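A look at the structure
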Amino acid sequence: MKKVLEAAGFVALVQGVLGLAQEFTHWQVGLVQRLSFFDGYDAVVSFVLVMLACALFAAAERLRH
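Quantities reported herein were computed from a predicted structural model and do not represent experimental measurements. (Residues numbered from 1 in each chain as written. Predicted model: local features only at pLDDT ≥ 70, side-chain atom pairs only at ≥ 80, totals over all residues. Heavy atoms only, no water.)

1. Things to note about the overall build of the protein
Stated formally: To qualify as a helix, a DSSP run of H or I must reach at least 4 residues; to qualify as a strand, a run of E must reach at least 2; elements of each kind are numbered from the N terminus. Whether two residues touch is decided by their heavy atoms; if any such pair falls within 4.5 Å, the residues are in contact. Think of it this way: Lys and Arg go in the positive column, Asp and Glu in the negative one, and His and the chain ends go nowhere. Taken as the charge location is NZ of Lys, CZ of Arg, CG of Asp or CD of Glu.
A tally of regular secondary structure across the protein gives two helices and zero strands. By principal-axis analysis of the C-alpha atoms, the protein measures approximately 40 × 20 × 15 Å. Contacts in the protein between residues at least 24 apart in sequence constitute 62% of all its contacts with a sequence separation of at least 6. Counting 5 positive and 5 negative side-chain charges, the protein places the averaged centre of each group 16 Å from the other.

2. Quick look at the side chain of Ser 46
The condition is simple: Throughout this description, buried means an accessible area under 20% of the type-specific maximum (1.4 Å probe, protein chains only), exposed means over 50%, and partly exposed covers the range between.
Tracing the sequence through the fold places Ser 46 in helix α2 (residues 42–64). Note on Ser 46: relative accessible area 0%, which makes it buried. Excluding residues that lie within four positions of it along the chain, Ser 46 makes contacts with Gly 16, Gly 19, Leu 20 and Val 32.

3. Some words on unusual backbone geometry
Here His 26, not a glycine, exhibits a phi torsion of approximately 60°, which is positive. Topologically, His 26 is positioned in the loop between α1 (2–25) and α2.

This is the structure:
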């Protein structure tokens, strides 16, 4: 279960960071900007993904002990 939480956290972190990078640099990267129902909320969704990644990493760390 720890590995699953860590893998999901890693994917969420990468997608969140790529979404934030796209907001500031206008690169066409990441999954968030490709989903049409997030139009106008790309930065918020990317930030939430980064926070979700932190929560998943914390949960995985808690399972470790």
